[in-house]
Amino acid sequence: FTANASGSGVTTLVRLNGAANAAQDGNALEFLSGSGGQKVFKIHTLLTSNNYGDTVFSGGNNAAQGAGAWVERMRIKDNGNVGLGTTGPSTKLEVDVTGAAITNALQLTNTYSSTSVNEGTGIYFKGYYKQALITAYENPASQTGGNLQLQTYSDDSTLNTGIVLTRLGNVGLG
């Protein structure tokens, strides 16, 4: 299948239009691989009780087409909430990890390398007026890592460090 579009604006190249009942699968786009039709990836709509559609992203379970089941990996609800590991996210992003032990649900990585600047990564909280930042960083001069700091902005440009937890467990305030 090849589709070409020219001109300006949005052009619909492919439209899937099918009948579906509430709380049932709507249309789907499936990606299969190999002569056995191995399930790789599926994007489909799932009509909700209010007749709006959730978008569901599923992965295969290495079973041939027709055998086994698709495994849901991510869902975008009709209200815009995104869920990983859950079919009913109640916030803009909800990650649900099932496990008996402590499990990393989110990993932030910074691959920048310097010998003079603190390196790290953080989570930035931005409100209408003020912001806050939680960062994990390392000091490249002493090659020590695992420090965590909580910072707030007193205005649009002044960043104040409130709490620092060092890799050794020491706590600094102010």
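Preceding this section is the structure that the text describes.
Parameters and conventions
- Residues numbered from 1 in each chain as written.
- Predicted model: local features only at pLDDT ≥ 70, side-chain atom pairs only at ≥ 80, totals over all residues.
- Heavy atoms only, no water.
- Helix = DSSP H or I, 4+ residues; strand = E, 2+ residues; numbered from the N terminus.
- Buried < 20%, exposed > 50% of the residue type's maximum accessible area, 1.4 Å probe, protein only.
- Contact = heavy atoms within 4.5 Å.
- Salt bridge = Lys/Arg side-chain N within 4 Å of Asp/Glu carboxyl O.

Undergrad: Describe the environment of F57, with residues and values.
TA: Looking at the element boundaries, F57 is found in strand 3 (residues 53-59). Residue F57 is classed as buried on the basis of its relative accessible area, which comes to 17%. With 27 residues separating them along the chain, F57 and L84 place their C-alpha atoms 9.9 Å apart. Setting aside residues up to four positions removed in sequence, F57 forms contacts with F41, K42, I43, V71, E72, R73, M74 and I76.

Undergrad: Any details on the pattern of salt bridges? Residues and values, ideally.
TA: Considering all chains together, one arrives at 3 salt bridges under this definition. R75 is the partner of D54 in a salt bridge, and the nearest nitrogen-oxygen pair spans 3.2 Å. Residue D54 is found in strand 3, and its partner R75 is found in strand 4 (residues 71-76); the two are separated by 21 residues along the sequence. Of the charged contacts, one joins D54 and K77 as a salt bridge, the two residues approaching to 2.9 Å between their closest N and O atoms. With D54 in strand 3 and K77 in the loop between strand 4 and strand 5 (82-84), this residue pair connects regions lying 23 residues apart in the sequence. The class for K77 is partly exposed, based on a relative accessible area of 21%.

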